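# Structural features, examined
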Amino acid sequence: MFKSVGWTWNPITGCTHDCKYCWAESLTRRWGKEFVPTFRVSYLNDQFPNDGTWIFVGSMGDLFCDGIKTEDIVKVLEKIKTAENNIFLLQTKNPSRFQELPIYRLLEELKDKIVLGTTLETNWDTSEFSKAPPPYDRAYSLINAKKMGFKTFLSLEPLSKFQSIYLKQWIMHIKPEAIEIGLENYTEFTTRPSDEDILDLLDALDRLRIPYILKENLDYLQPQATANSQQIRINPDPGKPADELEIAKSGNTRGMKE
Ligand code: SF4
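Residues numbered from 1 in each chain as written. Predicted model: local features only at pLDDT ≥ 70, side-chain atom pairs only at ≥ 80, totals over all residues.

### Focus: the overall build of the protein
Along the protein, the regular secondary structure elements total six helices and ten strands. Residue burial in the protein is summarised as follows: out of 258 residues, 40% are buried. Long-range contacts, defined here as pairs at least 24 residues apart, represent 79% of the contacts in the protein between residues at least 6 apart. (Helix = DSSP H or I, 4+ residues; strand = E, 2+ residues; numbered from the N terminus. Buried ≥ 20, exposed ≤ 12 C-beta atoms within 10 Å, placed from the backbone. Contact = placed C-beta atoms within 7 Å.)

Written out as structure tokens, the structure reads:
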């Protein structure tokens, strides 16, 4: 999970993308449950913290996977409308669904409260380890979202071997508020990129002035990255520079195991 997020909220669990490296699926199965898309209507009664915290929606599944009905996504977005002072990170490997009606209409209404995100493990085909739409399609949808005026976010996790020129171009057009970068943990379905390629990518992010967050398994590269790479704060308020903002530190996780 994105480590600058203070809360996770899981009104849905499960997913149809079948990523082989999925920790949420292995955790769910360890609990003796099936990892099938499930809408949890009782979560619509939750109270949000109303303190500016970023809330990650759906850390135990994918809200926009094809297994979740449009009407249930609408209910989740209607609930987000009631939040007064939080930013919601809506991250999916199926971002083409952002453009589906009536979802798009609601996202437009929520523009000031949401950040639209996707995961790009690489620019290459990912069908060997995931049934999610290909990275090119995900990037294209996020570029469109950016053009339509939405704030965007990228997760490069688990980062797999990539072609620098393409990945950098996509990132340049998506212009995310921040990027989270990590390697595969515990399993080995993706191909680890070289340290040189990762450092070259970090250097490009510095030059694009895109803040990034290295996950623990890349911490060892931090000293070699440039000084600007220390900038790991997220800017939910475009009126303030990122370095004036605090990272939410507490973790309140609703709906991990119920
Ligand atoms: S998209 Fe996310 S939740 Fe769905 S299978 Fe892949 S890693 Fe798991």
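### What to know about the packing of helix α5 (residues 164-174) against helix α6 (residues 195-208)
Put simply, α5 and α6 touch, their axes get as near as 11 Å, and they point 25° apart. Between α5 and α6, the angle is such that the two are roughly parallel. Our pair here, α5 against α6, has a crossing hand that is right-handed. Facing α5, whose interface residues are Ser164, Leu167, Lys168 and Met172, α6 presents Asp197, Asp200, Leu201, Ala204 and Leu208. Across the contact of α5 with α6, the residue classes break down as five nonpolar, one polar and three charged. (Axes fitted to C-alpha atoms, helices over the stretch in contact; angles between N-to-C directions. Parallel < 35°, antiparallel > 145°, perpendicular 65-115°, else oblique. Left-handed = near helix turned anticlockwise from the far one by under 90°. Nonpolar A, V, L, I, M, F, W, Y, C, P; charged D, E, K, R; others polar.)

### What about helix α4 (residues 135-147)?
Look at α4: 18 Å from first C-alpha to last across 13 residues, which is about the 18 Å you get at 1.5 Å a residue. On the buried face of α4, the contacting elements are β6 (114-119), β7 (151-156) and α5. Looking one or two places after α4, you find Gly149, whose phi comes out positive at around 95°. (Expected span 1.5 Å × (residues − 1).)

### A closer look at the site of the ligand
Looking at the ligand, the residues that line it are Cys15, His17, Asp18, Cys19, Cys22, Ala24, Glu25, Gly61, Asp62, Lys93, Ser130 and Ala132. Of the residues that constitute the shell around the ligand, the class distribution is five nonpolar, three polar and four charged. (Near = placed C-beta within 6 Å.)

### Let's talk about the environment of Ser160
Relative to the elements of secondary structure, Ser160 occurs in the loop between β7 and α5. Those residues in contact with Ser160 that lie beyond four places of it in its chain are Glu121, Thr122, Thr190, Thr191 and Pro193.

### Topic: the confidence of the model for the protein
On average, residues of the protein score 88 in pLDDT, and 86% of them reach the 70 mark or higher. For residues 227-258, every residue scores under 50 in pLDDT, and the model assigns this stretch 55 contacts once sequence neighbours within four places are set aside. (pLDDT = per-residue confidence, 0-100.)

### A short note on unusual backbone geometry
Note on backbone geometry: most residues besides glycine have negative phi, and most peptide bonds are trans. Omega for the bond connecting Leu101 with Pro102 falls within 30 degrees of zero, at 5°, which places this linkage in the cis form. As for its position among the elements, Pro102 is in the loop between β5 (87-91) and α3 (103-109). At the junction of Glu157 and Pro158, the peptide bond is cis and its omega measures out at 0° in the coordinates. Along the polypeptide, Pro158 turns up in the loop between β7 and α5. A positive phi is found at Asp18, a non-glycine position, where the angle reads about 55°. Note that Asp18 resides in the loop between β2 (12-13) and α1 (23-30). Not every positive phi belongs to a glycine, and Tyr186 is a case in point at roughly 75°. Position of Tyr186 among the secondary structure elements: in the loop between β8 (179-181) and α6. Take Tyr186: there are 7 C-beta atoms within 10 Å of it, and that puts it in the exposed class.

### Side note on the environment of Leu116
Mapped onto the elements, Leu116 comes out in strand β6. Overall, the presence of 27 C-beta atoms within 10 Å leaves Leu116 in the buried class. For the pair Leu116 and Phe98, spaced 18 residues apart in the sequence, the C-alpha separation amounts to 8.6 Å. When sequence neighbours within four positions are dropped, the list of residues in contact with Leu116 reads Leu90, Pro95, Phe98, Leu142, Ala145, Phe150 and Thr152.

### A short note on the packing of α4 against α5
Interhelical geometry of α4 versus α5 gives an angle of 25° and a closest axis separation of 8 Å. Put simply, α4 runs roughly parallel to α5. Contacts between α4 and α5 involve Ala139, Leu142, Ile143 and Lys146 on the former and, on the latter, Trp170, His173 and Ile174. Split by residue class, the contact of α4 with α5 holds five nonpolar, one polar and one charged.

### Thoughts on the pairing of strand β4 (residues 54-57)
Here β4 shows a buried face lined by Trp54 and Phe56 and a second buried face lined by Ile55 and Val57. Pairing between strand β1 (residues 7-9) and β4: three bridges, direction parallel. Bridge pairing in β4 places Trp9 opposite Val57. Between β4 and its parallel partner β5, the chain crosses via helix α2 (residues 70-81), and the hand of that crossover is right-handed. (Pairing = 2+ DSSP bridges. Right-handed = clockwise from strand over helix to strand, strands pointing away.)

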